[in-house]
Amino acid sequence: MNWVGMRGVMTIAIALALPDAMPGRSLIVVAAFTTVMVTVVLQGTSLGWIISLLGSGARSEQAALMTRAEIMAQITEAQRLAAERLEPDAGVSPALLDQFMQRARHA
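Procedures and definitions
Residues numbered from 1 in each chain as written. Predicted model: local features only at pLDDT ≥ 70, side-chain atom pairs only at ≥ 80, totals over all residues. Heavy atoms only, no water. Helix = DSSP H or I, 4+ residues; strand = E, 2+ residues; numbered from the N terminus. Buried < 20%, exposed > 50% of the residue type's maximum accessible area, 1.4 Å probe, protein only. Contact = heavy atoms within 4.5 Å. pLDDT = per-residue confidence, 0-100. Expected span 1.5 Å × (residues − 1). Bend = angle between axes of the 7 residues up to and from the residue.

### A word on the overall build of the chain
Consideration 1: Check the secondary structure of the chain and you find five helices and zero strands.
Consideration 2: Mapped from its N terminus to its C terminus, the chain presents α and β elements in the order α-α-α-α-α.
Consideration 3: Going through the 107 residues of the chain one by one, you find that 11% of them count as buried.
Consideration 4: Once local pairs closer than 6 in sequence are excluded, the contacts in the chain between residues at least 24 apart make up 35%.

### What about the environment of Ala31?
Consideration 1: When you line up the elements, Ala31 lands in helix 2 (residues 25-54).
Consideration 2: Among the residues examined, Ala31 registers a relative accessible area of 37% and is labelled partly exposed.
Consideration 3: In the structure, Ala31 is positioned 19 residues away from Ile12 in sequence and 9.4 Å away in space, judged by C-alpha atoms.

### Details of the side chain of Arg25
Consideration 1: Of note, Arg25 is situated in helix 2.
Consideration 2: Accessibility expressed as a relative area gives 18% for Arg25, which makes it buried.
Consideration 3: With residues near it in sequence (within four places) discarded, Arg25 still touches Ala15, Leu16, Leu18, Pro19 and Asp20.

### Quick look at the environment of Ile14
Consideration 1: In this fold, Ile14 is placed in helix 1 (residues 9-17).
Consideration 2: Note: C-alpha distance between Ile14 and Ala32 (18 residues apart in sequence) is 9.0 Å.

### Here's the deal with the confidence of the model for the chain
Consideration 1: Confidence along the chain averages 78 in pLDDT terms, with 73% of residues attaining 70 or more.
Consideration 2: Confidence, expressed as mean pLDDT per element, reaches its minimum in the chain at helix 3 (residues 57-65) with 58 and its maximum at helix 1 with 91.

### Quick notes on helix 2
Every α-helix carries 3.6 residues per turn, so stepping three or four residues along brings you back to the same face.
Consideration 1: Its 30 residues give helix 2 an end-to-end C-alpha distance of 41 Å, which sits within 8% of 44 Å, the value for a rise of 1.5 Å per residue.
Consideration 2: A maximum bend of about 45° is found in helix 2 at Ser46.
Consideration 3: By the burial criterion, the buried members of helix 2 are Arg25, Val29, Ala32 and Val36.
Consideration 4: Along its buried surface, helix 2 packs onto helix 1.
Consideration 5: Gly55 occupies a position one or two residues after helix 2 and carries a positive phi of about 75°.

Below you can see the structure in the form of structure tokens.
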């Protein structure tokens, strides 16, 4: 079960663990179920609207249009650039730089 399925489990478990003889137990159980259901439904239905309202716009559209190969090419190029920026004294192997350059060309 993923984390979305776990939402509210503790609230409901605690409410159900209350002793049957406790006054107001049924009200607490109903309130727990109602609270969990309302929050799950509200969050689930409003999440897309909130994301579009906050404007993750162009960046996410650009990422959605990239293919896996393009993403891998960008990652490989970033790795190569990071390795090149390291000081020669840092012990970066020329073979490692060559490997990143070959991967970048291939991607």
